[in-house]
Amino acid sequence: MLTLTDRADLGVFYDADAQRYGAQGYADTVTRERFAHFYADCPSIGFADDGQAIGGILFDGEEAHIAVLPSYHGRWALLLKPALQWLFTLRQHITVAVEQDNARCLRFLDRHGWQRVGERDGDVLYRLAPQSGTRKTAYPFRRNARASAPAPSTGASPCTPPK
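Small disclaimer: the values here were computed from a predicted structure and weren't measured.

(A) Inspection of helix 3 (residues 80–90) at higher detail. In terms of residue burial, helix 3 counts as a mostly covered element, since eight of its 11 residues are buried. Of all the residues in helix 3, the buried ones are Leu80, Ala83, Leu84, Trp86, Leu87, Phe88, Thr89 and Leu90.

(B) Representation of the side chain of Asp123 within the structure. If you trace the backbone, Asp123 turns up in strand 7 (residues 123–128). Buried and unpaired, Asp123 has Arg120 as its nearest opposite-charge partner, separated by 4.7 Å. Beyond its immediate stretch of four places on either side in the chain, Asp123 contacts Ala97, Val98, Glu99, Gln100 and Gly118.

(C) Examining the layout of surface pockets more closely. Quantified by volume, the largest pocket comes out at close to 1,600 Å³. Residue assignment for the lining of the largest pocket shows that the elements contributing at least two residues are helix 1 (10–23), helix 2 (32–39), strand 4 (63–68), helix 3, strand 5 (94–99), helix 4 (103–111) and strand 7. Per-element tally for the lining of the largest pocket: the top contributor is helix 1, with seven residues. Along the lines of polarity and charge, the residues of the lining of the largest pocket split into 28 nonpolar, seven polar and 11 charged.

(D) Quick peek at the pattern of salt bridges. Going through the model one piece at a time under the given rule, you end up with three salt bridges. When the shortest N-O distance is used, the salt bridge between Glu63 and Arg120 registers 2.8 Å. A residue pair is termed long-range when its members are at least 10 positions apart, and Glu63 in strand 4 and Arg120 in strand 6 (residues 115–120) qualify at 57 residues. Taking relative accessible area as the criterion, Glu63 reaches 10% and is therefore assigned buried. When its relative accessible area of 34% is taken as the criterion, Arg120 is described as partly exposed.

(E) Summary view of the sheet that holds strand 7. The mixed open sheet is built from seven strands, whose spatial order is 1-2-3-4-5-7-6. With one partner strand each, in any of the chains shown, strand 1 (2–5) and strand 6 form the two edges of the open sheet. Taken over all neighbouring pairs, the strand axes of this sheet differ in orientation by 30° on average, direction set aside. Relative to strand 2 (residues 44–49), strand 1 runs antiparallel, the two sharing four bridges. In the sheet register, Leu2 faces strand 2, and the bridge partner there is Asp49.

(F) A look at the environment of Glu33. Secondary-structure assignment places Glu33 in helix 2. On the accessibility criterion, Glu33 (57% relative accessible area) is exposed. Residues Glu33 and Leu10 lie 23 residues apart in sequence; the distance between their C-alpha atoms is 9.3 Å.

(G) Broad picture of the confidence of the model for the protein. Averaged over every residue, the pLDDT of the protein is 81; the share at 70 or more is 80%. Note that pLDDT drops below 50 for residues 137–154; the model gives that stretch 31 contacts with residues more than four away or on any other chain.

(H) Local environment of the packing of aromatic side chains. Summed over the entire model, instances satisfying the criterion amount to six aromatic pairs. Note on Phe13 and Phe35: the rings are 5.8 Å apart at their centroids and 20° apart in plane angle, and the pair reads as stacked. On the criterion of sequence distance, the pair formed by Phe13 in helix 1 and Phe35 in helix 2 is long-range, its members being 22 residues apart. Each of the two residues, Phe13 as well as Phe35, counts as buried. Relative to Tyr39, the ring of Phe38 has its centre 5.0 Å away and its plane inclined at 85°; by these criteria the two rings are edge-to-face. Using a relative accessible area of 33% as the deciding quantity, one classes Phe38 as partly exposed.

Reading guide: rules and limits
- Residues numbered from 1 in each chain as written.
- Predicted model: local features only at pLDDT ≥ 70, side-chain atom pairs only at ≥ 80, totals over all residues.
- Heavy atoms only, no water.
- Buried < 20%, exposed > 50% of the residue type's maximum accessible area, 1.4 Å probe, protein only.
- Helix = DSSP H or I, 4+ residues; strand = E, 2+ residues; numbered from the N terminus.
- Lys, Arg positive; Asp, Glu negative; His and termini not counted.
- Salt bridge = Lys/Arg side-chain N within 4 Å of Asp/Glu carboxyl O.
- Contact = heavy atoms within 4.5 Å.
- 1 Å grid on protein atoms, 1.4 Å probe; cavity = no way out; pocket = protein on both sides within 12 Å on 5 of 7 lines; lining within 4 Å.
- Points joined across faces, edges and corners; volume = space filled by probe spheres on them.
- Nonpolar A, V, L, I, M, F, W, Y, C, P; charged D, E, K, R; others polar.
- Pairing = 2+ DSSP bridges.
- Axes fitted to C-alpha atoms, helices over the stretch in contact; angles between N-to-C directions.
- pLDDT = per-residue confidence, 0-100.
- Phe/Tyr/Trp six-rings, centres within 6.5 Å; stacked < 30°, edge-to-face > 60°.

In structure tokens:
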């Protein structure tokens, strides 16, 4: 059974994205340990299947990062609505970057009517907001959600609050 967990398993998240790091030439730079350290303080929510971590969402203060193990691509969509509900408690307008060669994800976002807002480094940028897609489904969120998140600090985890 698919469920959300309180935090993403950063090791599984890394595994789900590791192929991308290799394709972009970062395999030696972005290690599992560096990835986990960098994102340790970021808000996240995990995806699990029968208690086994399969991916999740990280929010770095600027963008949402979604990763799912390849064997679960196309199967985790039942978690999208509650995951977005959680995400919109952090910020009401979220940017998501999708690789241009990720046709399945691009079709999904386009089919649901989320707005393309540009491109950056081979990624297509989307702006997600509650009820901004054409398929209307209620995404309740807290009225007191933060209007914006702090900008990431240089050199440290983007989610570590400034001192």
